[in-house]
Every structure is written in C-alpha cells, then in structure tokens.
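One-letter residues, chain by chain:
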Amino acid sequence: MATTKIDRAQVTDTALRLLNELGLDGLTLRAIAKELDVKAPALYWHFKNKQDLVDEMATVMHRRMTADGVPGADSDSWQEGVCAFNRALRAMLLSYRDGAKVYGGARFTGTDHAESMEVYLGVMLDAGFAFRDAVRAAMTTYHYTMGFVEEEQGTDPRPGERGPGIDVAERAALLAAYPLAAAAGAEMFEGFDERFEEGLGVVVAGIEAVYSSRG
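None of the values given here were measured: they were computed from a predicted structure.

Undergrad: Residues and numbers for the packing of aromatic side chains, please.
TA: The final tally for this structure, using the stated rule, is seven aromatic pairs. Centroid distance Trp78 to Phe129: 4.9 Å. Interplanar angle 80°. Geometry classified as edge-to-face. With Trp78 in helix H4 (residues 78-94) and Phe129 in the loop between helix H6 (112-126) and helix H7 (131-155), this residue pair connects regions lying 51 residues apart in the sequence. Residue Trp78 is classed as buried on the basis of its relative accessible area, which comes to 9%.

The structure is reproduced here in structure tokens:
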C-alpha cells in the first residue's frame, strides 16, 4: 500500500461513491482504504468507526442537497415549500444506494442542517402556524419521505433496478388464496413516483386541515 496522505473529505467522498457499488452493509473501512490505496488504520485518524463515518456521509449528503439553497425556501406558499423540500430530500436519498438507511440512522456532524430547519420552520411560522405545530408538521412530512424511500429502496435499490425477490406477478400467484392482498402488489411495488406525490399531497392536506387554523 502507498503512504498517500488522505483527509476526512477524501474518505467521505470515497465512501459515498463506493456506497452505490457495495450498499451500506458491504461498505467497510477496509474497502474504503483499498480504494484510497492506504492501510485501513490510516482511516482511524479521521473516523473512529463505521458509524462515525456514516454520520459524516449523511452530513455531506445534506450539504450537497442544499448547496444551491434550501429547497422550497422561495415557494409561493408553505404547501409548495413543504412539497419542494421533500421532493428534493427523496431525490437526494435515491441518488445513493441505501441512501435512506444512511441518512436516517445518522447524527449530523456539523450544524448545516440547522439552516434548513431554520428556513423550513420560518416558512411555516410566517404562514401562521404555531411553533409546536410547525415542528410537528415538518417532522411528519420528513418521516413520510424517509419511510417511503426506505421501502422504495428495499424494492428498487437504485432507480430502474428491481431488487431480488420482488416480482408482482409471482407474488400474486403465491397469494392467490388472498385475492385482495395479491391484487395490492401492483400498488405496493410499482409507480413509486406517482404514489410518492399522491401520499405527500395527502400528508400536506392533513397538516392544513389539522394545524393551519390553530396558529
């Protein structure tokens, strides 16, 4: 192995690139070290363990998502802003294999995410939401998007790539004795873009119905 000097950013960038090839379970410090042409102990100068690295990966993912500003910040309504932010969040997560697993299980290593939260909550407060309701509305949409993408990536690890064992026709045949469950497969495992938009609309409509008049 070479004695190339590496920094924290190089390790993180390499880890994110390898994530698309190996997935989160296959991403090891040893694999990253091999890609960087260094010995594995060299990585421990920057990250004490894999979770420490995952935290930095999530931070960089968020930083890349907001590089041109917080998505939805300039929208004409809070509804459009919420939808724009969550669309951007989903797109960012889908750009990495196991993106939702990495992002959802991490703790940010900096304060970059606070700027997004400040803007997001500011939009809600300006629209008349009470602070408590604004926070809960923001977390409800975030949880919807994170959960949706995690399930989506369980079916399609990358856009256009069907995971093993997910065949709607085979599932329907297996569940032939349960016609409703069998027929549900086409709704559960296909049309992710359409279903995400529809579900996001339902969530936003629910927020408007429950919270918007209580500010």
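Undergrad: Account for the packing of helix H1 (residues 8-26) against helix H3 (residues 50-65), naming residues and giving values.
TA: In contact at an axis separation of 10 Å, H1 and H3 are set at 95° when each is read in the N-to-C sense. Here H1 is positioned roughly perpendicular relative to H3, judged by the angle of their axes. Contacts between H1 and H3 involve Arg8, Val11, Thr12, Asp13, Ala15, Leu16, Leu19, Leu24 and Asp25 from the first element and Lys50, Leu53, Val54, Glu56, Met57, Val60, Met61 and Arg64 from the second.

Undergrad: Break down unusual backbone geometry for me, citing the residues and quoting the values.
TA: One non-glycine residue, Asp37, lies in the positive phi region at around 60°. Checked against the element boundaries, Asp37 lands in the loop between helix H2 (29-36) and H3. What makes Asp37 partly exposed here is its relative accessible area of 37%.

Undergrad: An account of a negative patch on the surface is needed here, citing residue identities and associated values.
TA: A cluster of like negative charges, contributed by Glu187, Glu190, Glu194 and Glu198, occupies part of the molecular surface. Positionally, Glu187 belongs in helix H10 (residues 185-189). Judged by its relative accessible area of 55%, Glu187 is exposed.

Undergrad: Describe the UniProt feature "DNA-binding region" (unreviewed entry) in the protein chain, listing the residues and the values that go with them.
TA: UniProt tags residues 28-47 as "DNA-binding region" (unreviewed entry). With 40% helix and 0% strand, residues 28-47 has its two end C-alpha atoms placed 12 Å apart.

Undergrad: Which residues make up the pattern of salt bridges, and what are the values?
TA: Overall, the coordinates contain eight salt bridges when judged by the stated rule. Put simply, Glu35 and Arg17 hold a salt bridge, and the shortest N to O gap is 2.9 Å. With Glu35 in helix H2 and Arg17 in helix H1, this residue pair connects regions lying 18 residues apart in the sequence. Glu35 sits in the partly exposed class, given a relative accessible area of 42%. A cluster of three or more residues bridged by salt bridges with shared partners is formed by Arg90, Glu152 and Asp193.

Parameters at a glance
Residues numbered from 1 in each chain as written. Predicted model: local features only at pLDDT ≥ 70, side-chain atom pairs only at ≥ 80, totals over all residues. Heavy atoms only, no water. Phe/Tyr/Trp six-rings, centres within 6.5 Å; stacked < 30°, edge-to-face > 60°. Helix = DSSP H or I, 4+ residues; strand = E, 2+ residues; numbered from the N terminus. Buried < 20%, exposed > 50% of the residue type's maximum accessible area, 1.4 Å probe, protein only. Axes fitted to C-alpha atoms, helices over the stretch in contact; angles between N-to-C directions. Parallel < 35°, antiparallel > 145°, perpendicular 65-115°, else oblique. Contact = heavy atoms within 4.5 Å. Patch = residues over 30% accessible without salt bridge, like charges linked within 9 Å, V, L, I, M, F, W, Y side chains within 5 Å. Areas by Shrake-Rupley, 256 points an atom, 1.4 Å probe, with all protein chains shown as cover. Salt bridge = Lys/Arg side-chain N within 4 Å of Asp/Glu carboxyl O. Lys, Arg positive; Asp, Glu negative; His and termini not counted. Charge placed at Lys NZ, Arg CZ, Asp CG, Glu CD. UniProt positions renumbered as here; feature names shortened; annotations may be inferred.

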